[in-house]
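Descriptive analysis of the structure
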Amino acid sequence: QVQLVESGGGLVQAGGSLRLTCAASGRTFSSYSIGWFRQAPGKERETVAVVIWNGAYTYYAESVKGRFTSSRDNAKNTVYLQMNSLKPEDTALYYCAAQKTPYRITMDSDDFDSWGQGTQVTVSS
(Lines give C-alpha, C1' and ligand atoms only; values in the text may rest on other atoms or scores of the structure.)
Protein backbone atom coordinates (compact mmCIF):
# COMPACT_ATOMS: atom_id res chain seq x y z
CA GLN A 1 0.00 0.00 0.00
CA VAL A 2 1.23 3.49 -0.80
CA GLN A 3 0.50 6.48 1.35
CA LEU A 4 0.09 9.88 -0.29
CA VAL A 5 0.13 13.31 1.31
CA GLU A 6 -0.75 16.49 -0.57
CA SER A 7 0.47 19.95 0.31
CA GLY A 8 0.78 23.38 -1.23
CA GLY A 9 -2.81 24.54 -1.39
CA GLY A 10 -3.91 27.97 -0.33
CA LEU A 11 -5.69 31.18 -1.25
CA VAL A 12 -4.57 32.99 -4.38
CA GLN A 13 -5.96 35.71 -6.59
CA ALA A 14 -7.15 34.97 -10.10
CA GLY A 15 -4.22 34.84 -12.47
CA GLY A 16 -1.87 33.65 -9.75
CA SER A 17 0.01 30.39 -9.34
CA LEU A 18 0.34 27.57 -6.86
CA ARG A 19 2.37 24.37 -6.83
CA LEU A 20 0.90 21.32 -5.21
CA THR A 21 3.08 18.47 -3.99
CA CYS A 22 2.11 14.83 -3.55
CA ALA A 23 4.60 12.95 -1.39
CA ALA A 24 4.47 9.15 -1.43
CA SER A 25 5.70 6.37 0.79
CA GLY A 26 5.16 2.65 0.73
CA ARG A 27 4.91 0.41 -2.33
CA THR A 28 7.15 0.92 -5.34
CA PHE A 29 6.20 4.44 -6.29
CA SER A 30 7.92 4.44 -9.67
CA SER A 31 5.69 1.61 -10.95
CA TYR A 32 2.42 3.53 -10.62
CA SER A 33 0.76 6.34 -12.49
CA ILE A 34 -0.32 9.13 -10.18
CA GLY A 35 -3.42 11.19 -10.71
CA TRP A 36 -4.54 14.61 -9.56
CA PHE A 37 -8.23 15.09 -8.96
CA ARG A 38 -10.39 17.87 -7.63
CA GLN A 39 -13.83 18.25 -6.19
CA ALA A 40 -15.72 21.47 -5.59
CA PRO A 41 -18.74 21.67 -3.29
CA GLY A 42 -21.83 20.32 -5.00
CA LYS A 43 -19.86 19.07 -8.00
CA GLU A 44 -18.58 15.68 -9.10
CA ARG A 45 -14.95 14.74 -8.73
CA GLU A 46 -12.93 15.70 -11.78
CA THR A 47 -9.72 14.19 -13.11
CA VAL A 48 -7.23 17.04 -13.52
CA ALA A 49 -4.03 15.28 -14.62
CA VAL A 50 -2.48 11.84 -14.64
CA VAL A 51 1.28 11.31 -14.83
CA ILE A 52 2.48 7.99 -16.21
CA TRP A 53 4.76 5.93 -13.95
CA ASN A 54 8.01 7.06 -15.62
CA GLY A 55 6.89 10.66 -16.21
CA ALA A 56 7.08 10.34 -20.00
CA TYR A 57 3.44 11.26 -20.56
CA THR A 58 0.84 13.28 -18.75
CA TYR A 59 -2.88 13.48 -19.45
CA TYR A 60 -4.60 16.80 -18.78
CA ALA A 61 -8.24 17.68 -18.57
CA GLU A 62 -9.31 20.18 -21.22
CA SER A 63 -10.22 22.66 -18.51
CA VAL A 64 -6.60 22.91 -17.32
CA LYS A 65 -4.62 22.20 -20.47
CA GLY A 66 -2.05 24.92 -21.12
CA ARG A 67 -2.29 26.23 -17.55
CA PHE A 68 -1.39 23.25 -15.35
CA THR A 69 1.71 21.08 -15.58
CA SER A 70 2.28 17.88 -13.65
CA SER A 71 5.63 16.20 -13.24
CA ARG A 72 7.22 13.62 -11.01
CA ASP A 73 10.55 12.92 -9.38
CA ASN A 74 10.71 9.21 -8.70
CA ALA A 75 13.98 9.59 -6.81
CA LYS A 76 12.10 11.74 -4.31
CA ASN A 77 8.81 9.80 -4.46
CA THR A 78 7.08 13.06 -5.29
CA VAL A 79 4.62 14.34 -7.88
CA TYR A 80 4.00 18.02 -8.53
CA LEU A 81 1.12 19.97 -9.99
CA GLN A 82 2.14 23.44 -11.12
CA MET A 83 -0.97 25.57 -11.55
CA ASN A 84 -0.67 28.86 -13.43
CA SER A 85 -3.23 31.41 -14.58
CA LEU A 86 -5.60 30.22 -11.91
CA LYS A 87 -9.29 30.98 -12.26
CA PRO A 88 -12.05 31.11 -9.64
CA GLU A 89 -13.51 27.95 -11.18
CA ASP A 90 -10.32 26.11 -10.18
CA THR A 91 -11.40 26.44 -6.55
CA ALA A 92 -11.72 22.93 -5.12
CA LEU A 93 -10.24 20.34 -2.82
CA TYR A 94 -7.36 18.75 -4.72
CA TYR A 95 -6.33 15.14 -4.19
CA CYS A 96 -3.63 12.86 -5.50
CA ALA A 97 -4.08 9.12 -5.81
CA ALA A 98 -2.17 6.13 -7.16
CA GLN A 99 -3.25 3.85 -9.98
CA LYS A 100 -4.37 0.50 -8.55
CA THR A 101 -2.47 -1.49 -11.21
CA PRO A 102 1.24 -0.98 -11.91
CA TYR A 103 2.41 0.10 -15.37
CA ARG A 104 -1.07 1.26 -16.36
CA ILE A 105 -2.52 4.69 -17.03
CA THR A 106 -6.22 5.50 -17.03
CA MET A 107 -8.20 8.65 -16.33
CA ASP A 108 -11.04 7.04 -14.41
CA SER A 109 -10.84 7.90 -10.73
CA ASP A 110 -12.33 4.47 -9.90
CA ASP A 111 -9.02 2.96 -11.08
CA PHE A 112 -7.12 4.80 -8.34
CA ASP A 113 -6.66 4.19 -4.65
CA SER A 114 -4.47 5.36 -1.78
CA TRP A 115 -6.10 8.77 -1.84
CA GLY A 116 -4.46 11.55 0.11
CA GLN A 117 -6.38 13.77 2.49
CA GLY A 118 -6.60 16.61 0.00
CA THR A 119 -5.39 20.20 -0.04
CA GLN A 120 -7.72 23.16 -0.52
CA VAL A 121 -7.16 25.57 -3.39
CA THR A 122 -9.19 28.77 -3.33
CA VAL A 123 -8.96 31.31 -6.14
CA SER A 124 -10.50 34.70 -5.51
CA SER A 125 -11.76 36.93 -8.30
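Note that this is a predicted model, so its numbers are computed, not measured. (Residues numbered from 1 in each chain as written. Predicted model: local features only at pLDDT ≥ 70, side-chain atom pairs only at ≥ 80, totals over all residues. Heavy atoms only, no water.)

**Remarks on the nonpolar core**
Residues W36, V48, F68, L81, M83 and Y94 are the most contacted members of the largest nonpolar core, which totals 28 residues. Only β1 (2-7), β3 (18-26), β4 (34-39), β5 (46-51), β8 (78-83), β9 (92-99) and β11 (119-124) provide two or more residues apiece to this core. Excluding its chain neighbours within four sequence positions, the residues that come into contact with Y94 are E6, L20, F37, R38, V48, F68, L81, M83, G118, T119 and V121. (Core = buried A, V, L, I, M, F, W, Y, C linked by side-chain atoms within 4.5 Å. Buried < 20%, exposed > 50% of the residue type's maximum accessible area, 1.4 Å probe, protein only. Helix = DSSP H or I, 4+ residues; strand = E, 2+ residues; numbered from the N terminus. Contact = heavy atoms within 4.5 Å.)

**Side note on the sheet that holds strand β7 (residues 68-73)**
On the basis of which strands lie adjacent, the open sheet formed by four strands has the order β1-β3-β8-β7 and antiparallel pairing. At either end of the open sheet lies a strand with only one pairing partner, and these are β1 and β7. Between one strand axis and the next, the sheet turns through 15° on average, direction left out of account. When β7 meets β8, the two strands line up antiparallel, connected through six bridges. Paired with T69 across the two strands is Q82, which belongs to β8. (Pairing = 2+ DSSP bridges. Axes fitted to C-alpha atoms, helices over the stretch in contact; angles between N-to-C directions.)

**Re the state of the cysteines**
Under the criterion given, the structure shown has one disulfide. With a sulfur-sulfur separation of 2.1 Å, C22 is cross-linked through a disulfide to C96. Looking down the S-S bond of the C22 and C96 bridge, the torsion is 80°, so its handedness is right-handed. Of this pair, C22 sits in strand β3 while C96 sits in strand β9, and the two are 74 residues apart along the sequence. For C22, a relative accessible area of 0% corresponds to the buried category. (Disulfide = S-S within 2.5 Å.)

**Some words on unusual backbone geometry**
Positive phi is not limited to glycine here, since Y103 has a value of about 55°. The residue Y103 is located in the loop between β9 and β10 (112-113) in this model. Its identity is not glycine, yet S114 carries a phi of approximately 55°, on the positive side. With respect to the secondary-structure elements, S114 resides in the loop between β10 and β11.

**So, the packing of aromatic side chains**
In the structure shown here, the tally under the stated rule is four aromatic pairs. Ring centres 5.0 Å apart and planes at 75° place the aromatic pair F37 and F112 in the edge-to-face group. Here F37 is found in strand β4, whereas its partner F112 is found in strand β10, with 75 residues between them in sequence. The residues F37 and F112 share a single accessibility class, namely buried. Aromatic pair W53 and Y103: ring centres 5.5 Å apart, planes at 90°, arrangement edge-to-face. Placement of the pair is W53 in the loop between β5 and β6 (58-60) and Y103 in the loop between β9 and β10, with a sequence separation of 50 residues. The exposed category is assigned to Y103, whose relative accessible area is 53%. Taken together, the aromatic side chains of F37, Y95, F112 and W115 make up a single cluster linked through ring pairs. Between the NZ or CZ atom of R45 and the centre of the ring of W115, over which it lies, the distance is 4.2 Å. (Phe/Tyr/Trp six-rings, centres within 6.5 Å; stacked < 30°, edge-to-face > 60°. Lys NZ or Arg CZ within 6 Å of the ring centre and 35° of its normal.)

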